[in-house]
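# Notes for the structure review
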Amino acid sequence: MRRIAMPLVAPFRTSFGTETARDVLLVRVVTPDAEGWGECAAMSEPLYSSEHVGGAAEALRRFLIPALPRHADAYGVNRALEAVKGHRMAKAALETAVLDAQLRAAGESFGRFLGAARDRVPCGVSVGIMNSIPELLDAVAGYVEEGYVRIKLKIEPGWDVAPVRAVRERFGDDVLLQVDANAAYTLVDARHLARLDDFGLLLIEQPLADDDLVQHARLAREIRTPICLDESIESAAHAAAAISLGACSIVNIKPGRVGGYLEARRIHDLCRAHGVPVWCGGMLETGLGRAANVALAALPGFTLPGDTSASGRYFEIDITDPFVLEDGHLPVPAGPGLGLAPIPEILDRATTSTEWIPL
Ligand SMILES: O=C(O)CCC(=O)N[C@@H](C(=O)O)c1ccccc1
C-alpha cells in the first residue's frame, strides 16, 4: 500500500466541502506473473460517503488483504471479499489491482476485458462552486474552449438557479449542462428545484440524501429534470431498486463507490436492460484510476459523457503519462491491463508512505 500527496491545480468546492489536495491510497499487487495497480477513491474525510482513506487502509491491512485467496482471479477475489461488509472503495482498489495483474499477465486490456465498444470516449467536466458568477463563467469558458463536451455544475442551496441561468445565458441552449447537488436538498426544496426545469438540463444528480431512494422517487414526480443517482447506488441491487421505484432515470457509475469494476459492469448491464442511460463518475483520480474509468466509459450503455476529464483538470503533474483531451475525447488505453503505469521518479516524489503486506 502506498500513500501519495497530489495537490490540486485549484480548490474544488462541493456542497460538502472544499478539496485542495488529494491524499491518495494506491494498492500494488505482486504475483508470480505480473504486478497490478489499484487506486482507492476514498477522500481524506468521510464527507462524500462513510469511507475515508485512513479507514480504507486499515480495512485493507486488517481484513481485506488477509482475506485474499492464495490463487484467485478478480472474480475469486470479488467473492472472497463479500464476507466483509461495506468498505467498497477499499475493496475496489484491491480487486482492481488483482484484475490489472491478471490482465497484464494475459496481455488483455481493461477495455477489452470489460467489453468496451469504442476506442475513445467523449468527456465532460465537473465545475465546483465558486465565489462569484463571473468567476464561474470564466472557468466554464476555459473548459468549453478546451473542448469538453458537457459541463456539470456543483450546486447547493443559495448557489443553484442563478449560476445555471448565467451559464445558459452566456453559452446558449446547446451546451450539454447538468448539475450535481451531492445530497444538499430535501423534499421541502422540491418546488425550488422545479425552477431548474426551465434550463433544459440533462439531469440533476443526487439532489436528496445520500442513502435515499423513496424520496427521490417522490421528487421525480414533482420536477421535470431527469434525476440521476450517485451516492444512493452502491450496488447492482440498489440500481435495480432505484429503477423499480422510479427513483432515477439515469445512473452515475463510480467503480470505487460500488466495490469495483466487476460490480460497475453488472450495474451497466442491468441499467442497459432497462433502457437506463449511465455515465462514468469521477473521484479526482490520478491517471491510474482515470485509465480504468475511461475503459469503463467505453462500454455501450455509457451513452452520456462522464466526469472523465483530462489529467490537467486536477493535477499539474500526474503520476502516469497524462490524459490529454483531443477534440473533446480521451483515448481508451489499449495496452495490457490498465495500459499504463506510474512513472517511478514522479511516484517516488509524491509518496508519503509505503507498506508491504506479505500474503
Ligand atoms: O472529475 C472528477 O474526477 C470529479 C467529478 C466530481 O464532481 N466528483 C464529485 C462527485 O460528487 O461526483 C466528488 C468530488 C469530491 C469528492 C467526491 C466526489
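Residues numbered from 1 in each chain as written. Predicted model: local features only at pLDDT ≥ 70, side-chain atom pairs only at ≥ 80, totals over all residues. Heavy atoms only, no water.

## Concerning the pattern of salt bridges
Counted only if it meets this: Here a salt bridge means any side-chain nitrogen of Lys or Arg lying within 4 Å of a carboxyl oxygen belonging to Asp or Glu. Think of it this way: any DSSP run of H or I at least four residues long counts as a helix, any run of E at least two long counts as a strand, and we number them from the N terminus.
One pass over the full model with this rule turns up 19 salt bridges. A salt bridge links Arg13 to Glu156, with the nearest nitrogen and oxygen atoms 3.0 Å apart. Note that Arg13 is positioned in strand E1 (residues 2-14) and Glu156 in the loop between strand E6 (150-154) and helix H6 (161-171), a separation of 143 residues in sequence. For Lys152, the salt bridge is made with Asp180, and the minimal N-O distance between the two is 3.1 Å. Highlighted residues: Lys152 in strand E6 and Asp180 in strand E7 (residues 176-180), separated in sequence by 28 residues. Among the charged side chains, a salt-bridge network with shared partners connects Arg150, Lys152, Lys154, Asp180, Glu205 and Asp307.

## Comments concerning the UniProt feature "domain: Mandelate racemase/muconate lactonizing enzyme C-terminal" (unreviewed entry) in the protein
Test applied: UniProt positions are given in the numbering used here, feature names are shortened, and annotations may be inferred rather than shown by experiment.
UniProt marks residues 134-226 with the feature "domain: Mandelate racemase/muconate lactonizing enzyme C-terminal" (unreviewed entry), using the numbering shown here. Segment residues 134-226 splits into 38% helix and 13% strand. End C-alpha atoms: 28 Å apart.

## What to know about helix H12 (residues 287-296)
Our working rule: Relative accessible area decides the class of each residue, using a 1.4 Å probe on protein chains only: under 20% of the type maximum gives buried, over 50% gives exposed, and in between gives partly exposed.
Of all 10 residues in H12, 10 are buried, a share of seventy percent or more. Looking at H12, one finds that the buried residues are Gly287, Leu288, Gly289, Arg290, Ala291, Ala292, Asn293, Val294, Ala295 and Leu296.

## A short note on the nonpolar core
This is how the line gets drawn: What is meant by a nonpolar core is a set of buried Ala, Val, Leu, Ile, Met, Phe, Trp, Tyr and Cys residues, joined one to another through side-chain atoms within 4.5 Å. What fixes the domain bounds is an automatic or database domain assignment. In this description, contact between two residues means that some pair of their heavy atoms is separated by no more than 4.5 Å.
The biggest cluster of nonpolar side chains holds 120 residues, and the ones touching the most others in it are Val127, Leu153 and Leu196. Counting residues domain by domain, this core receives three or more from each of domain 1 (2-107 + 341-354) and domain 2 (112-331). Contact partners of Leu196, with chain neighbours within four places excluded, come to Ile155, Asp160, Val161, Val164, Val179, Leu201, Ile204 and Thr225. Within the second largest apolar cluster, five residues are counted, among which are Leu203, Ile250, Trp279 and Leu304.

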